[in-house]
Amino acid sequence: DDSWMLDLWQNTLVRQHLGGIVPLSQIKVRFEAMLSADEHSLFYTIKARDTETAMGLISISDYHDTGQKELSYQLLPAYWGQNIAFACLQSFLAFALPRLKLEGVYAETQSANTRSVALLRRLGMQEQQRLMRFGAEQSVYYYRVPP
């Protein structure tokens, strides 16, 4: 059952700092883009260990037109505030960066998304810059693989 993905992309709380809900016509396009991503990108479903219940998405893919890679994540609100995002991102970075042969990865979030900003900082990411994109101030962070 993929209805959780529809919920994720159309949930106003999830999409509050991600450009708003995704129209139904675009969900299939986005899903197909994930399935056809090249070997330099990774897309995974975040699932509960015990029940296999889908809770969100996590990925590393192209960071706009920079030639760099970006860490992205979305979690359904029912799973917020339970340390799930931090644990998943920490494990994903440890797994994905060596697999993709990356020394580091960017993450961009709306500066107003204080929960995401705090999460990126907790992961050890360093703020690189702030810029205007998508009609809002964005904070750009960078995570470097520890030596």
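Up top is the structure.
Help me out: how do you make sense of the packing of helix α1 (residues 3-10) against helix α2 (residues 24-35) in this one?
Helix-helix packing is characterised by the crossing angle of the two axes and by the distance between the axes. At a minimum axis distance of 11 Å, the contact between α1 and α2 shows a crossing angle of 115 degrees. Taken together, the axes of α1 and α2 are roughly perpendicular relative to one another. Crossing geometry of α1 relative to α2 is assigned as right-handed. Counted together, M5, L6, W9 and Q10 of α1 and L24, I27, R30, F31 and M34 of α2 form the full contact between these two elements. Classifying every residue of the contact of α1 with α2 by side-chain character gives seven nonpolar, one polar and one charged.

Even after reading the chapter, I still don't get the environment of N11, so can you show me in this structure?
Within the secondary structure layout, N11 lies in the loop between α1 and α2. N11 sits in the partly exposed class, given a relative accessible area of 21%. Put simply, N11 and V22 are eleven residues apart on the chain and 8.9 Å apart in space, counted from C-alpha to C-alpha. Apart from the residues within four sequence positions on either side, N11 is in contact with I21 and P77.

What's the story with the packing of aromatic side chains in this structure? I'm lost.
Centre distance and the angle of the planes are the two values used to describe a pair of aromatic rings. In total, this model carries four aromatic pairs according to the counting rule given. Between the aromatic rings of Y44 and F92, the centroid separation amounts to 5.8 Å while the plane-to-plane angle is 70 degrees, which identifies the pairing as edge-to-face. Placement of the pair is Y44 in strand β1 (residues 42-47) and F92 in helix α3 (residues 84-99), with a sequence separation of 48 residues. Arranged with centres 5.4 Å apart and planes meeting at 15 degrees, the rings of Y63 and Y106 form a pair that is stacked. Of this pair, Y63 sits in the loop between β2 (54-62) and β3 (69-75) while Y106 sits in strand β4 (residues 104-110), and the two are 43 residues apart along the sequence. Y106 matches Y63 in its accessibility class, with the two residues each being buried. Grouping aromatic residues by their ring pairs yields a cluster made of Y44, F92 and F95. When the ring centre of F86 is taken as origin, the NZ or CZ atom of R122, which lies over that ring, is 3.8 Å away.

Explanation requested: the pattern of salt bridges in the structure shown.
Counted under the stated rule, the structure contains seven salt bridges. D62 serves as the salt-bridge partner of K69, at 2.7 Å between the closest nitrogen and oxygen. Since its relative accessible area comes to 11%, K69 is described here as buried. We classify D62 as partly exposed; its relative accessible area is 48%.

Could you clarify how one ought to interpret helix α4 (residues 114-122) in this entry?
Because an α-helix packs 3.6 residues into every turn, residues spaced three or four apart end up facing the same way. Among the residues making up α4, those that are buried are S116, V117, L119 and L120. Each buried residue of α4 lies within a common arc of 160 degrees when the element is viewed along its axis, so the set occupies one face. Residues of α4 that are exposed and angled more than 90 degrees away from the buried face: T114 and R115. As for α4, its buried residues are in contact with β3, α3, β4 and β6 (136-144). At the exit of α4 stands G124, carrying a positive phi of roughly 95 degrees.

For this particular structure, what's the right way to read the side chain of S139?
With respect to the helices and strands, the residue S139 is situated in strand β6. A distance of 2.7 Å separates polar atoms of two side chains, one belonging to S139 and the other to S111. If near-sequence neighbours (up to four positions away) are discounted, S139 is found in contact with A107, E108, T109, S111, E127, Q129 and R130.

The rules behind the values
Residues numbered from 1 in each chain as written. Predicted model: local features only at pLDDT ≥ 70, side-chain atom pairs only at ≥ 80, totals over all residues. Heavy atoms only, no water. Axes fitted to C-alpha atoms, helices over the stretch in contact; angles between N-to-C directions. Helix = DSSP H or I, 4+ residues; strand = E, 2+ residues; numbered from the N terminus. Parallel < 35°, antiparallel > 145°, perpendicular 65-115°, else oblique. Left-handed = near helix turned anticlockwise from the far one by under 90°. Contact = heavy atoms within 4.5 Å. Nonpolar A, V, L, I, M, F, W, Y, C, P; charged D, E, K, R; others polar. Buried < 20%, exposed > 50% of the residue type's maximum accessible area, 1.4 Å probe, protein only. Phe/Tyr/Trp six-rings, centres within 6.5 Å; stacked < 30°, edge-to-face > 60°. Lys NZ or Arg CZ within 6 Å of the ring centre and 35° of its normal. Salt bridge = Lys/Arg side-chain N within 4 Å of Asp/Glu carboxyl O. Arc of directions from axis to C-beta. Polar contact = N/O pair within 3.5 Å; in protein donor to acceptor, adjacent residues only side chain to side chain.

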